Amino acid sequence: LKMSWFWFYLPLCLLMVACLCHSIKDPTTSSQQSFKTGLFNFYHSLILADGKETTVHLLKDIPRRYYFVLKEGRALAPFTITVTPCDVPIEWSILVHKASTSFLGKAARGDHDTQEISKSQKASSMVSTIFNYKGNSVETYMGMSSHSALFMLEFLSTERDTHITVYLTTDTTSGHLYPELPMDPRIDVIGIGHTTVTLTWKHSPSVLQHRENIQYCLLVNEKHNYKSLCAAETAIRSTGMKLPPTLALSLSPYLLEPQQVMILSNSELSIINRVSSGEVRQICMGTKNTYTVPNLSPSTQYYFDVFVVNLLTNASAAYTGTFARTLEEPEPKVTELKDGKVIQVVLDGKKQKFYSLQYQARHKKIQFTFQLCHGQVRVHITKNGRTVASETISGLRYFSLKGKLLDTYLVQLRSTEETNSSVKVQVSPHFHKPLFPLLPESLKIKSFSKLRTCNSVTIAWLGTQEDSKYCVYKKKIEEDQVWMELQSADRCSGPESRHKSEKVLCKYFYDINLQRAVTTETIKGLDAGTLYLFDVYLFGPSGIPVRYHSKVVKTRKRC
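Residue indices begin from 1 for each chain and proceed along its sequence in written order. Where totals are concerned, whole chains, interfaces and linings use all residues; where local detail is concerned, this predicted model gives features only for residues with pLDDT of at least 70, and gives and counts side-chain atom pairs only at 80 or more. With hydrogens and water excluded, all non-hydrogen atoms of the structure serve as input to the side-chain values.

**Q** Describe the pairing of strand 21 (residues 355-360), listing the residues and the values that go with them.
**A** Judged from the three bridges that link them, strand 19 (residues 334-336) and strand 21 form a sheet pairing that is parallel. When the sheet's bridge partners are listed, Val-334 is paired in strand 21 with Ser-356. What makes two strands pair is DSSP finding at least two bridges between them. The numbering of helices and of strands both runs from the N terminus, where a helix is a DSSP run of H or I of at least 4 residues and a strand a run of E of at least 2.

Structural data, given as structure tokens:
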């Protein structure tokens, strides 16, 4: 406690000394002048700005102190202090030093010597703590004083380094920096679905008075509620991300980080921050006070915080947060598989849910065939409830299984990517003629750099021991189209999806010796310095094609 008084009186004493030095009429040396300047700079650097929000950085276990003086000559001097912790709980208090007007006036004019000032100080000074708080909530103190007084604010963080914002104002007539909250600041949950939650809240008085400068912003996350927008942004930054300025919410343009997605539709701005603990969404919806949050995951608890934001100052006030759990997802529909029939399944990568297929065996030996068309798919097969196969597939994949008559097989498919995936599935007795052609060891197409000319390229691919038909197609593309063409290629589509002008040739070949089952083809009539996308389609007895991996080759610019 004694140390608190020491730190309280230190700036006051320095101010007095500085004022006395300033009143001395005799010429001073440059070092004396520097000393006076230093005192003034030290004192004023601790003065809390009136009418502005100040950011204060706190080091663990090290108190930080700021001062302010109420103006003289006012019968009653009102003031308001709002402190917003941006992370961990902090301790803060307000101490006041009350002094007589005559004492402060004389000290400022330098009418007393040092000894007399010391006596007056003891006689007319009184220090007291008028407010104390510990926690991480936004707290506001409203006070009023009938005397001239020096106030000290002391802040302390005992958990870790952090930062806070402090707002002091002595002008209670010019409106509020922070938007006002209604008498009942709670958020009501009025609807819950499998993937949606509908919220409503009472209007802020500020919205009714200054509609063009105020808007509501909603924060959605799976971790916990936040007591201020400052605390929410700090939590997201702690994951290593950069955030846009407070409230991208003002709809001003900024650059998004790779972990961020911005969606603007129907005058609503949604920012999705992808963090290790899930998604944190910031949604601004203007002055609407009812909102349905879409695209949530079933059977998941979400926390919702609404902030009313002043777009001119970026200051915000937080409603009392709430939470809700979305409904459980209904049991997925199971599609029946029939012998020899091929079905194509499209899997939603965003929802990451399983698609289920069921098959009841009419033979002891059966074979599942999967042809990956796009993306990447995880396959999980159970027989009578026991797992018999589970893996991520690429290209064409067969699973030959043995069992008993009437065994029940359940196939579950899921996209392993955030984008949609698709796959063709077939089940048939093992002795049936295979639906897809016999495949070579590799479906890669090779090009020969040394054989490239300005108007031709030479490519090669592997064949099989089965006499099969191969068709080659080419397509002219630009540099910036390469990635998209390779990523969006549908490996299940056949030549019927290609333009006739893209067809180069079709040929049959095979070789009993797999070491020699290789064919080459030189494609002529190309343009110099141009990129081409080459595809090879393999046709089996059933006529269903298998597409080799696309190959991009550029002709020489000069020959």
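Moving on from the coordinates now.
**Q** Give me the pattern of salt bridges: which residues, what numbers.
**A** What counts as a salt bridge is simple: a side-chain nitrogen of Lys or Arg found within 4 Å of a carboxyl oxygen of Asp or Glu. In the structure shown here, the tally under the stated rule is 14 salt bridges. Salt-bridge contacts for Lys-134 lead to Glu-91; the nearest nitrogen and oxygen are separated by 3.8 Å. In this pair, Lys-134 sits in strand 5 (residues 126-135) while Glu-91 sits in strand 4 (residues 90-98), placing the two residues 43 residues apart along the sequence. Residue Glu-91 is classed as partly exposed on the basis of its relative accessible area, which comes to 28%. Glu-479 serves as the salt-bridge partner of Lys-554, at 3.4 Å between the closest nitrogen and oxygen. Note that Lys-554 is positioned in strand 35 (residues 551-554) and Glu-479 in the loop between strand 30 (468-477) and helix 7 (482-488), a separation of 75 residues in sequence. Each residue gets one of three labels from its accessible area relative to the maximum for its type: buried under 20%, exposed over 50%, partly exposed in between, using a 1.4 Å probe on protein chains only. When its relative accessible area of 36% is taken as the criterion, Lys-554 is described as partly exposed. For Glu-479, a relative accessible area of 55% gives the class exposed. Three or more residues are tied together by salt bridges with common partners; here these are Arg-498, Glu-502, Asp-535 and Arg-547.

**Q** Can you break down the state of the cysteines residue by residue, with the values?
**A** A pair of cysteine sulfur atoms is labelled a disulfide when the two atoms are within 2.5 Å. Per the counting criterion, the structure on display carries five disulfides. Each sulfur of the disulfide joining Cys-86 and Cys-230 lies 1.6 Å from the other. Taking the sign of the torsion about the S-S bond as the criterion, the disulfide between Cys-86 and Cys-230, at about 110°, is right-handed. Taken together, the residues Cys-86 in the loop between strand 3 (77-85) and strand 4 and Cys-230 in helix 6 (residues 229-237) connect sequence positions 144 residues apart. A relative accessible area of 1% places Cys-86 in the buried class. Ordinal numbering of bonded cysteines along the protein chain defines a disulfide pattern of 1-3, 2-4, 5-8, 6-10, 7-9.

**Q** Kindly report on the environment of Cys-506, identifying the contributing residues and their values.
**A** Along the chain, the position of Cys-506 falls in strand 31 (residues 503-509). A relative accessible area of 31% places Cys-506 in the partly exposed class. Between the C-alpha atoms of Cys-506 and Lys-469, which are 37 residues apart in sequence, the distance is 6.9 Å.

**Q** Which residues make up the sheet that holds strand 29 (residues 456-462), and what values do they have?
**A** The strand order across the open sheet formed by three strands is 28-29-32, and the pairing between neighbours is antiparallel. Edge positions in the sheet fall to strand 28 (446-447) and strand 32 (518-524), since each has one partner strand and no second. Here strand 28 pairs with strand 29 via two bridges, running antiparallel. Counted as the bridge partner of Ser-447 is Ile-459 from strand 29.

**Q** I'd love a proper account of unusual backbone geometry, names of residues and values included.
**A** In this model, Asp-61 sits at a positive phi of 65°, which is unusual for a non-glycine residue. Taking relative accessible area as the criterion, Asp-61 reaches 48% and is therefore assigned partly exposed. Although it is not a glycine, Asn-295 adopts a positive phi angle of roughly 55°. Position of Asn-295 relative to the elements: it lies in the loop between strand 15 (290-293) and strand 16 (301-310).

**Q** Mind laying out the environment of Asp-490, listing which residues take part and the relevant values?
**A** Mapped onto the secondary structure, Asp-490 falls in the loop between helix 7 and strand 31. Considering only alpha carbons, one finds Asp-490 and Gly-375, 115 residues apart in sequence, at a separation of 9.0 Å. Pairs of residues are marked as contacts when any of their non-hydrogen atoms sit within 4.5 Å. Beyond its immediate sequence surroundings of up to four residues, Asp-490 is in contact with Cys-373 and Arg-547.

**Q** Describe the packing of aromatic side chains, and please don't skip the residues or the numbers.
**A** Note on aromatic contacts: the rings of Phe and Tyr and the six-membered ring of Trp form a pair at centre separations within 6.5 Å, being stacked when their planes are under 30 degrees apart, edge-to-face when over 60 apart, and tilted otherwise. Inspection of every chain in the model, using the stated rule, returns 20 aromatic pairs. Ring centres of Phe-131 and Tyr-141 lie 5.2 Å apart, and the angle between their planes is 45°; this geometry places the pair in the tilted category. Pair noted here: Phe-131 is in strand 5 and Tyr-141 is in strand 6 (residues 139-145), with a separation of 10 residues, a long-range link. Owing to a relative accessible area of 16%, Phe-131 belongs among the buried residues under this scheme. One Lys or Arg, Lys-469, reaches over the ring of Phe-539 and ends 5.5 Å from the middle of that ring. Placement of a charge over a ring requires the Lys NZ or Arg CZ to be within 6 Å of the ring centre, with the centre-to-atom vector within 35 degrees of the ring normal.

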